[in-house]
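Observations on the three-dimensional arrangement
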Amino acid sequence: MPQQFKHRAIFETLHAEIVQGKHAPGGLLPSEEALCRRWKVSRPTVARALKDLQILGLIERRAGSGTYVSPNIRATKPVLGLFVEGLGKTEILDPICAEITRAAQERGCGIFTGGLAPDHSPREIAEEWAKNGIRGVFFAPIEFHEQRETYNVEMARAFEKAGLSVVLVDRDVTEYPQRSHFDLVAMDNFQAGCLLGLHLTESGGKRVAFVAKAQYPATTDLRLAGVREGVRRNRNAEVDFHVGNPQEISFVEKVLQTTPPYDTVICSNDLTAAQWLQSSTQKGWRVPTDFKLAGFDDVHYATLLSVPLTTVHQPCRSIGIACVDAMQSRLERPLLPPRFITLRGELVVRASTG
């Protein structure tokens, strides 16, 4: 078993033993050294598994004394799962998930995080999570996968079949304009795009290039549709859609050398905009003198670029609270009709649009 998955096996076994009563409430667990011998793993691997149990409120770690089963585990409120691939490395899902975790913990709920396991099928993952007492899952559909729609739908349905409530985060498991039957909480991406389209055309934009990377998610479709609606209100403006790698100079040159030239570039997110800014600057273009530039999400480095970026701010705190609200109502009333909960983005104007 790969090293990065060994802690999951330890966590799942200890979790099941605690829930089944093998380790009594308030009782002392075997030492870390004993657990290392039992599973033939390193101490950091055992420590990571114990940390996950501690986050769920199932154990208490007392310095100089040992690790004890929580004396009140029977009173533990629902344990909720966060299924997010690449957590800790994503631009916008990290702060959203941090707010989901905070909102859940403020209400006394435990949070367990996980992602893709190459040696486990969606059904096996869902059954393991259900076996370990998780009652609901916040699922951020996977973006970069050869067959992402097939996988995302299969994963969500596996959680549902295992008896777990599902709340989708940021995007649907199906491709736009289709909608699944799961609850979804996200920023209103259409409204966000419309805000940018209106702002940039009202400030003089006539030719707009909307840029996205390949395998873009459904949120990009909504943002593009919103931009087009905002631009449509200025009858003298137009918008073209370009897909490519903003780090490839040839792609950037191809778009910017279009005749007549674009005076505005809107990127599908701030990372794409930052890479576009770097590539175009290397070839001598200046922002906002040669063209205005904008993105979406308002990630932490948007103000730190060589030209601070105009963007639409994601209401991460509100999204986190809304996700937990949706989950609690779904747990209490499983037969509620599916809901699409959108929250308003906020236009943040900076130097990149003059």
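Residues numbered from 1 in each chain as written. Predicted model: local features only at pLDDT ≥ 70, side-chain atom pairs only at ≥ 80, totals over all residues. Heavy atoms only, no water.

Another aspect to go through is the overall build of the protein. When you go through the protein residue by residue, the secondary structure sums to 11 helices and 14 strands. The principal-axis extent of the C-alpha atoms belonging to the protein is close to 75 × 45 × 35 Å. Taking all 354 residues of the protein together, 53% fall into the buried category. Long-range contacts, defined here as pairs at least 24 residues apart, represent 74% of the contacts in the protein between residues at least 6 apart. Summed over its atoms, the accessible surface of the protein is roughly 16400 Å², and 50% of this surface lies on carbon and sulfur atoms. Both charge centroids of the protein, one from 42 positive and one from 40 negative side chains, sit 4 Å from each other. (Helix = DSSP H or I, 4+ residues; strand = E, 2+ residues; numbered from the N terminus. Buried < 20%, exposed > 50% of the residue type's maximum accessible area, 1.4 Å probe, protein only. Contact = heavy atoms within 4.5 Å. Areas by Shrake-Rupley, 256 points an atom, 1.4 Å probe, with all protein chains shown as cover. Lys, Arg positive; Asp, Glu negative; His and termini not counted. Charge placed at Lys NZ, Arg CZ, Asp CG, Glu CD.)

Our next topic: the pairing of strand β4 (residues 110-114). Most of β4 sits inside the fold, with 4 of its 5 residues counted as buried. As paired strands, strand β3 (residues 79-83) and β4 are joined by 5 bridges and run parallel to one another. Bridge pairing in β4 links Phe-83 to Gly-114. In this fold, β3 hands off to helix α4 (residues 93-106), which returns the chain to β4; that crossover is right-handed. (Pairing = 2+ DSSP bridges. Right-handed = clockwise from strand over helix to strand, strands pointing away.)

Before going further, it helps to examine the pairing of strand β8 (residues 207-212). Along β8, 6 of the 6 residues are buried, which leaves the element largely enclosed by surrounding structure. The alternating pattern of β8 places Arg-207, Ala-209 and Val-211 and Val-208, Phe-210 and Ala-212 on opposite faces, both of which are buried. In the sheet, β8 pairs with strand β9 (residues 238-243) via 6 bridges, with the strands oriented parallel. Bridge pairing in β9 links Val-211 to His-242. Read as a crossover between parallel neighbours, the route from β8 over helix α8 (residues 218-232) to β9 is right-handed. Direction of pairing for β8 relative to strand β10 (residues 264-267): parallel, over a ladder of 4 bridges. Each residue of the ladder has a partner; that of Ala-209, found in β10, is Val-265.

The next thing to look at is helix α10 (residues 270-282). Compared with an ideal rise of 1.5 Å per residue, which puts 13 residues at 18 Å, α10 spans 18 Å between its outermost C-alpha atoms and is within 8% of the ideal. For α10, the full list of buried residues reads Asp-270, Thr-272, Ala-273, Ala-274, Gln-275, Trp-276, Leu-277, Ser-279 and Ser-280. Its buried side turned inward, α10 meets β8, α9 (249-256), β10, β11 (292-294) and β12 (311-313). Here α10 starts with a cap whose side-chain oxygen sits 3.3 Å from the backbone nitrogen of Leu-271, and that cap is Asn-269. At the exit of α10 stands Gly-284, carrying a positive phi of roughly 95°. (Expected span 1.5 Å × (residues − 1). Polar contact = N/O pair within 3.5 Å; in protein donor to acceptor, adjacent residues only side chain to side chain.)

To continue, consider the side chain of Ser-165. Relative to the helices and strands, Ser-165 is located in strand β6 (residues 165-169). With a relative accessible area of 14%, Ser-165 lands in the buried category. Among all residues touching Ser-165, those that are not within four sequence positions of it are Arg-135, Gly-136, Val-137, Met-327, Arg-330 and Leu-331.

Turning our attention to the environment of Thr-258. Position of Thr-258 among the secondary structure elements: in the loop between α9 and β10. Within the structure, the side chain of Thr-258 is placed 3.2 Å from the backbone oxygen of Lys-254, a separation counted as a polar contact. Here Val-255 takes part through its backbone oxygen, which lies 2.8 Å from a polar atom of the side chain of Thr-258.

Note on soluble globular proteins: their nonpolar side chains tend to be buried together. In this structure, Leu-80, Ile-100, Phe-138, Val-185, Ile-266 and Phe-296 are the most contacted members of the largest nonpolar core, which totals 41 residues. The element contributing the most residues to this core is helix α11 (residues 316-332), with 8 residues. When near neighbours in sequence (up to four residues on either side) are disregarded, Ile-266 contacts Leu-196, Leu-200, Val-208, Ala-209, Phe-210, Val-211, Val-227, Ala-294 and Phe-296. Core analysis: the next-biggest nonpolar cluster, separate from the first, contains 39 residues, Ile-18, Ile-59, Phe-83 and Ile-125 among them. (Core = buried A, V, L, I, M, F, W, Y, C linked by side-chain atoms within 4.5 Å.)

This paragraph deals with empty space enclosed by the protein. According to the stated counting rule, one finds 1 cavity of 30 Å³ or more in the structure shown. In this structure, the largest cavity spans a volume of roughly 60 Å³. Lining the largest cavity are Pro-141, Ile-142, Glu-143, Arg-148, Asn-152, Arg-171, Asp-172, Glu-175, Pro-217 and Ala-218. For the lining of the largest cavity, a count of residues per class yields 4 nonpolar, 1 polar and 5 charged. (1 Å grid on protein atoms, 1.4 Å probe; cavity = no way out; pocket = protein on both sides within 12 Å on 5 of 7 lines; lining within 4 Å. Points joined across faces, edges and corners; volume = space filled by probe spheres on them. Nonpolar A, V, L, I, M, F, W, Y, C, P; charged D, E, K, R; others polar.)

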